[in-house]
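This is what each chain is made of:
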Amino acid sequence: MTTSPLSRLHNHGQCFWLDSLSRRMLDDGSLERRIRDQGLSGVTSNPAIFAKAMLGASPEDRAAYDPRIRVAQETTSPGDAEIDVRAIYERLAVDDVRDACDLLLPRWEQAMTDGAGVDGCVSLEVSPHLAHDTNATVLEARRLWHAVGRPNLIIKVPGTPQGIPAIEQLLVEGINVNITLLFGQAAYEETVQAYIRALEQRLREGRDLHTIGSVASFFLSRIDTAVDARLRRRSHPEVDPQLRGEAQALLGQSAVAAARLAYVRLRELLASERWQHLAEHGAQPQRLLWASTGTKDPSLPDTHYIEPLIGPYTVSTMPEATADAFDDHGRVAATLSATAPEATAITQQLERVLGVSMESIADQLVGEGVQKFNAPYEQLLDGLEQRARSLAAVDEAGPLPGVAAKLRAQVLRMTTAAGSGHATSSLSAADLVTGLLFHEMRWDPSRPWAGDDPARDQDRLLLSKGHAAPILWAGLHEAGAIGEDPQNLRRLHSDLEGHPTPVNPWVPVATGSLGQGLAAVNGMALADRLDGIEARHFCILGDGECSEGSVWEAAQFAADQGLERVVAIVDMNALEQSGPAPYGHDSSVLAGRFRAFGWKTLEIDGHDFADILAALAATREGGPTAIIARTVKGKGVSFLEGADGWHGKALDQDELVTALAEIDAPDLRRPVEPRRVPARLEPAAPQSGGPPAREALKLDWAKGEEVATRAAFGDALVQLGGRLSDLVTLDGDVKNSTKTDGFAKAFPTRFFEAQIAEQNMLGAALGLAVSGKRPCVATFAAFLTRAHDVIRMAAHSHAPHMLISGSHAGVSIGEDGASQMGLEDIAMFRALNATTVLYPSDAVSAARLTEAGLAHQGIVYLRTTRGKTPVLYDADEDFPIGGSKTLMASDADELTLVAAGITVHTALAAAKRLREQGVAARVIDAYSVKPLDVPTLKQAAETTAAILVVEDHNRDGGLADAVAAQVGRLTRVFGLGVTGEPHSGTPQELLERHRLSEREIEKEALAIAA
């Protein structure tokens, strides 16, 4: 039978210790198995190791510690609201160390008999904050020694100048010491001398020597990390080639060389008369312990610090990964000797190449090492305090796991009854939804968040991963917020749709087209800030959803706008529809991205209520906050958990019975206490159904004056801003072109610069719209195509008011070229349900239509032109939505020219030229593209021989198609629109090229008339 390479280290006088300890390792027998199968004979611990264990490197680790944290909290500060976190940590650490000591005690006893040095030990570190305090170190070490109460405990004390006298004192008292943070020969010499002095004092005092043990810990990979960084600077191309070559050859060699020199010194001391005298009285050699043996440089082999340092009187302490690697492919051979000329040569060469002594580098590393010990210690204490508070909150909150089980069972029943639905995606979010609705959120189940009278003085939840609608419906039903039977999921007349829509009064905006919820939440938060409402907005996203760029547009906007009450919760269940999500359960990736945008981030186990409640409680402080919750798709049902192929599928009846038996939902009900948030909301003033009073809008343009419609829109917006307190404006970094800059100056608190992120801009506008605001969004018409899906979902959300202004439309913008020309926008908006499309031809109509658009219900698109055009209308002209203007007409008209925007002017000019040739043409300004003025068009169809539609838009999907759809059965309808690929050029050149000029219209009209 082949023995483990780790166990064979003992054949060469080296001990294998593990640089890891956790309650799970003790409880599941894995530590005991390593002792039995791998010859493990010691354990080292430190705050970083305990942080990994106690704070949960895995759910199993947390589950192992939670009962002990509860007991420690009760026994260290019973009934006290304040948590003595240091006492809790010490209680947990002492218990773990004591139990590990008991497992290793037989090896300790054997080592005491062998006389080859201490072994069978478990280390426990004094607080790193005491590294420079001799007396405090001694006091804490004594206390820990007595608390553990085992002879094979070894107290870790850093080998700082203040630590050396403490080490000597503790050894004199019979307390075993592991001297840490050794990087150089001088520091090692001091520890050796302190050990010998302590033994000599005990001998003088007639005390026993053979039960006292010590190890001196040399930290290896940290030496290489520091030295190699300097060597790489010497490897710069501008450095002398010979020096550069030497530096590259020395990479990764400094730590092993330093360790070998220390070993040479150890063997010299053991051969000295001074030591021999102590050994005759039972003294145990102070072993050299190789610490920090995990390689940090990926170019080095994973056994780099193990194989070259095997020899008597040493300990190799390894992290679990390094131990497993060595056990798999490590080579066991004696590689240390009493002399090391090559190590001396390497050290001398290093000092020459670096121009600095190795001892000065060692001194620097000691200082850094103390700080590196301090940071994890503080993180550990902070984490334990948070965990203790979280567990207390869970205990206080009551049966939340039972509520989550009920929701899971309800989800499965709903989806099975429907025969479809996203059950597994809902199960992964069940604990998160439970923590929100039944513990953290301040809300009232009798006051819905949407509808005609939305309750805004509450925390609100938006399910951006809308496919998980079943868990939302289940949660709202369990809380008493909805009365409809959940078994009606996905049925025709039910408001429990497959993806949430505002048909249900608890859904402010439609979701399910992934990546849009966070932007809508941004808008809701902006509205709350304007109205003094201190509500939090929770948005649950999927991890796959976070591949959408719109999520990061929204993340940037929330941070830039300081939306501190926005909370993104990512349900990181690691599975998408067709396979694994990009980063599995590595929550650090998404956390890092949110953090880079300026968010506060928390990474949690999304099924651990202590984690969940602590994270949710943290959102009471300023954010924005992103909670990355590691979850399991299908959680709660063994055959669904983490299983691929179940996305969007329901269980059959037999599978449902099995699943429900596993969930075993309790028969309980947890009522939701109605709560509200601070708000200064005033009752809304009643609004009339029509547009605001027109006389307040002052238009002083004279007929024939050249004014761009975009400029008239901007002027009107400023005037309307003074009349409409709910008017807000968003712009995508083109406010000086769209002419919203006037509004920004006049009303800075109601203007929001959305930057070049159109998806978030439209999503935020939707959130503002459903929160009682009247948003106006402006950008180039061409750029709105980016946000088409957001606008589509806004239509499904039935936004009460949303005016979208697209400027720089058509080829008439001129020299900027095709990428800047909005040519598809009319088609895009026409295709959406319940939208309005307006296209003014002059300044007066632009101002009046801005006014009408802001008063109109739903989504209104206002198309404006870049260039200046003559004013056609008197200032008091009325422009009702659904109307048109007939600019030229006679009883002798042979055909009708229908135009909108810029082409109204070319159509008028063409009509005049036609009249000069004896052809009478009617001209209609179809400023309302949707809805069209059908009666006027029908009259034209019945009284003229044909209709020619002229539009600065792609020929397909625009005004011509709209006209043909209405009157194409009554007369011939022809169209002139943009065809082919546009190009840079002057506006007139491009109108000519695309047959939209007066001359080209004339030619087409004559051909039709003939």
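Residues numbered from 1 in each chain as written. Predicted model: local features only at pLDDT ≥ 70, side-chain atom pairs only at ≥ 80, totals over all residues. Heavy atoms only, no water.

**Here we look at the overall build of the protein chain**
Let me state the cut-off plainly: Where helices and strands are cited, they refer to DSSP runs of H or I of at least four residues and of E of at least two residues respectively, numbered from the N terminus. C-alpha atoms define the radius of gyration in this analysis, and the globule rule sets the expected value at 2.2 Å times the number of residues to the power 0.38. Each residue gets one of three labels from its accessible area relative to the maximum for its type: buried under 20%, exposed over 50%, partly exposed in between, using a 1.4 Å probe on protein chains only. In short, Shrake-Rupley with a 1.4 Å probe defines the accessible areas, and a residue's cover is counted only from the protein chains shown. Only four residue types enter the charge count: Lys and Arg as positive, Asp and Glu as negative, with His and the chain ends excluded. One atom stands in for each charge, and that atom is NZ of Lys, CZ of Arg, CG of Asp or CD of Glu.
When helices and strands are tallied, the protein chain shows 36 helices and 27 strands. The C-alpha radius of gyration computed for the protein chain amounts to 38 Å, which surpasses the reference 30 Å derived for 1010 residues by more than 25%, pointing to a less compact arrangement than a globule. Referenced to the eigenvectors of the C-alpha coordinate spread, the extents of the protein chain come out at roughly 130 × 75 × 55 Å. Put simply, the protein chain has 1010 residues, and 59% of those count as buried. A total accessible area of about 37,600 Å² is found for the protein chain, and carbon and sulfur atoms account for 49% of it. Distance from the positive charge centre (97 side chains) to the negative charge centre (134 side chains) of the protein chain: 1 Å.

**Observations concerning helix α9 (residues 185-204)**
Stated precisely, the cut-off is as follows: An expected span of 1.5 Å times one less than the residue number is assigned to each helix. Throughout, a contact is declared for two residues whenever any of their heavy atoms are within 4.5 Å.
Between its first and last C-alpha atoms α9 spans 29 Å; for 20 residues at 1.5 Å apiece the expected length is 28 Å, and the two agree. Buried within α9 we find Ala187, Tyr188, Thr191, Val192, Gln193, Ala194, Tyr195, Ile196, Ala198, Leu199 and Arg202. Along its buried surface, α9 packs onto α8 (163-172), β5 (177-182), β6 (214-219), α12 (254-270), α13 (273-280) and β7 (287-291). Two residues or fewer after α9 comes Gly206, characterised by a positive phi angle close to 75 degrees.

**Some thoughts on the sheet that holds β6**
Rules: Strand pairing requires that DSSP identify at least two bridges connecting the strands. Axis angles are defined between N-to-C directions and span 0 to 180 degrees, where every axis is a line fitted to C-alpha atoms and, for a helix, only to the segment in contact.
Strand order in this closed barrel of eight strands is β1-β2-β3-β4-β5-β6-β7-β8, and the pairing throughout is parallel. Across the sheet, the mean angle separating the axes of adjacent strands is 30 degrees when strand polarity is ignored. In this sheet, β7 lies alongside β6 in parallel orientation, the contact comprising five bridges. Within the sheet, the bridge partner assigned to Phe219 lies in β7 and is Ala291. With respect to the sheet, helix α3 (residues 30-38) is in contact with β1 (14-18) and β2 (40-43), its orientation differing from that of β2 by roughly 140 degrees.

**Focus: the environment of Val551**
Here Val551 shows up in helix α21 (residues 549-560). Judged by relative accessible area, Val551 falls into the buried class, the value being 0%. Between the alpha carbons of Val551 and Ala474 there is a distance of 26 Å; along the sequence they are 77 residues apart. Ignoring anything within four residues of it in the chain, the contact list for Val551 reads Gly515, Leu518, Leu541, Glu545, Cys546 and Phe594.

**Remarks on empty space enclosed by the protein**
With a probe scaled to a water molecule rolled over the atoms, the places where space remains empty come into view. Which entries qualify depends on this criterion: Grid spacing is 1 Å over the protein atoms alone, the probe is 1.4 Å, and a cavity is where that probe fits but cannot get out, while a pocket is an open set with protein on both sides within 12 Å along at least five of seven lines and lining residues have an atom within 4 Å of a point. Grid points are joined across faces, edges and corners, and a volume is the space filled by probe spheres set on the points. Note on residue categories: nonpolar means Ala, Val, Leu, Ile, Met, Phe, Trp, Tyr, Cys or Pro, charged means Asp, Glu, Lys or Arg, and polar means any other residue, Gly included.
Tallied over the full model, the rule gives five cavities of 30 Å³ or more. The calculated volume of the largest cavity comes to roughly 70 Å³. Mapped by element, the contributors of at least two residues to the lining of the largest cavity are α9 and α12. With four residues, α9 is the largest single contributor of residues to the lining of the largest cavity. Taken together, the residues of the lining of the largest cavity sort by class into nine nonpolar, one polar and no charged. A volume near 50 Å³ is recorded for the second largest cavity. In this structure, the second largest cavity is lined by Val509, Ala510, Thr511, Gln516, Gly517, Ala520, Gly763, Leu766, Val790 and Met793. Those elements that place two or more of their residues in the lining of the second largest cavity are α20 (517-531), α28 (758-769) and α29 (788-796). Counted by class, the lining of the second largest cavity contains six nonpolar, four polar and no charged residues.

**Quick word on the UniProt feature "domain: Transketolase-like pyrimidine-binding" (unreviewed entry) in the protein chain**
Condition: UniProt positions are given in the numbering used here, feature names are shortened, and annotations may be inferred rather than shown by experiment.
Here, UniProt's "domain: Transketolase-like pyrimidine-binding" (unreviewed entry) annotation points to residues 707-871. Counted over residues 707-871, helix gives 39% and strand 22%. Its end C-alpha atoms are 7 Å apart.

**Points about the packing of helix α18 (residues 423-440) against helix α19 (residues 469-478)**
For the record, the criterion: Whether a crossing is left-handed or right-handed is set by the direction in which the near helix is turned from the far one by less than a right angle, anticlockwise for left-handed and clockwise for right-handed.
Interaxial distance between α18 and α19 falls to 9 Å at its minimum, and their mutual angle equals 35 degrees. In this structure, α18 meets α19 at a crossing whose hand is right-handed. Here Ser426, Ala429, Ala430, Val433, Leu437 and Phe438 of α18 come into contact with α19, specifically with Pro470, Ile471, Gly475, Leu476 and Glu478. For the contact of α18 with α19, a count of residues per class yields eight nonpolar, two polar and one charged.

**Here we look at the nonpolar core**
Note the threshold: Here, nonpolar core refers to any group of buried Ala, Val, Leu, Ile, Met, Phe, Trp, Tyr and Cys residues whose side-chain atoms link them within 4.5 Å.
Counting residues in hydrophobic clusters, the biggest one holds 189 residues, and the most contacted among them are Phe218, Trp443 and Trp473. If one sorts the elements of this core by residue count, helix α16 (residues 358-397) sits on top with 15 residues. Contacts of Trp473, omitting those with residues within four sequence positions, involve Met414, Ile482, Leu489, Asp495, Leu496, Glu497, Pro500, Asn504 and Val507. Grouped together as the second largest cluster of nonpolar side chains are 80 residues, Leu526, Ala626, Phe752 and Leu766 included.

**What about the pairing of strand β26 (residues 946-954)?**
Counting buried positions along β26 gives eight out of nine residues, so the element sits mostly inside the fold. Inspection of the sheet shows strand β23 (residues 895-899) paired to β26 by five bridges, in the parallel sense. Of the residues in β26, the one forming a bridge with Leu897 is Leu948. Taken together, the six bridges between β26 and strand β27 (residues 972-978) define a ladder with parallel strand orientation. Along β27, the bridge assignment pairs Ile947 with Val973.

**Here's the deal with the UniProt feature "active site" (unreviewed entry) in the protein chain**
As a reminder, the rule being used: Polar contact is the term for a pair of N or O atoms within 3.5 Å; when the atoms are in protein, one must be able to donate a hydrogen and the other to accept it, and sequence-neighboring residues count only if both atoms are side-chain atoms.
The sites that UniProt annotates as "active site" (unreviewed entry) are Lys156. In this structure, Lys156 sits in strand β4 (residues 153-158). Apart from residues lying up to four places away in sequence, Lys156 is in contact with Thr44, Ser45, Asn46, Ser123, Leu124, Glu125, Val126, Asn178 and Thr180. Looking at Lys156, its side chain comes within polar contact range of the main-chain oxygen of Ser45, at 3.0 Å.

**Points about the pattern of salt bridges**
What counts here: The salt bridge definition used is simple: a Lys or Arg side-chain nitrogen within 4 Å of an Asp or Glu carboxyl oxygen.
Tallying each qualifying case throughout the model produces 66 salt bridges. Notably, a salt bridge pairs Asp528 with Arg456, separated by 3.1 Å at the nearest N-O pair. Here the residue Asp528 occupies a position in helix α20, and Arg456 occupies one in the loop between α18 and β9 (460-463), the gap between them amounting to 72 residues. In this structure, Asp528 and Arg456 share a single accessibility class: buried. A salt bridge links Glu851 to Arg848, with the nearest nitrogen and oxygen atoms 3.3 Å apart. Placement of the pair is Glu851 and Arg848 together in helix α31 (residues 843-855), with a separation of three residues, close to one helical turn. This pair shows no difference in class: Glu851 is buried, exactly as Arg848 is. Here the salt bridges share partners, and the residues they tie into one network are Glu992, Arg995, Arg999, Glu1000, Lys1003 and Glu1004.

**Some points on the environment of Arg33**
Mapped onto the elements, Arg33 comes out in helix α3. Its relative accessible area of 37% is what places Arg33 among the partly exposed residues. The spatial distance from the C-alpha of Arg33 to the C-alpha of Glu189 is 37 Å, given a sequence separation of 156 residues. If near-sequence neighbours (up to four positions away) are discounted, Arg33 is found in contact with Asp28 and Gln38. A distance of 3.2 Å separates the side chain of Arg33 from the backbone oxygen of Asp28, its partner in a polar contact.

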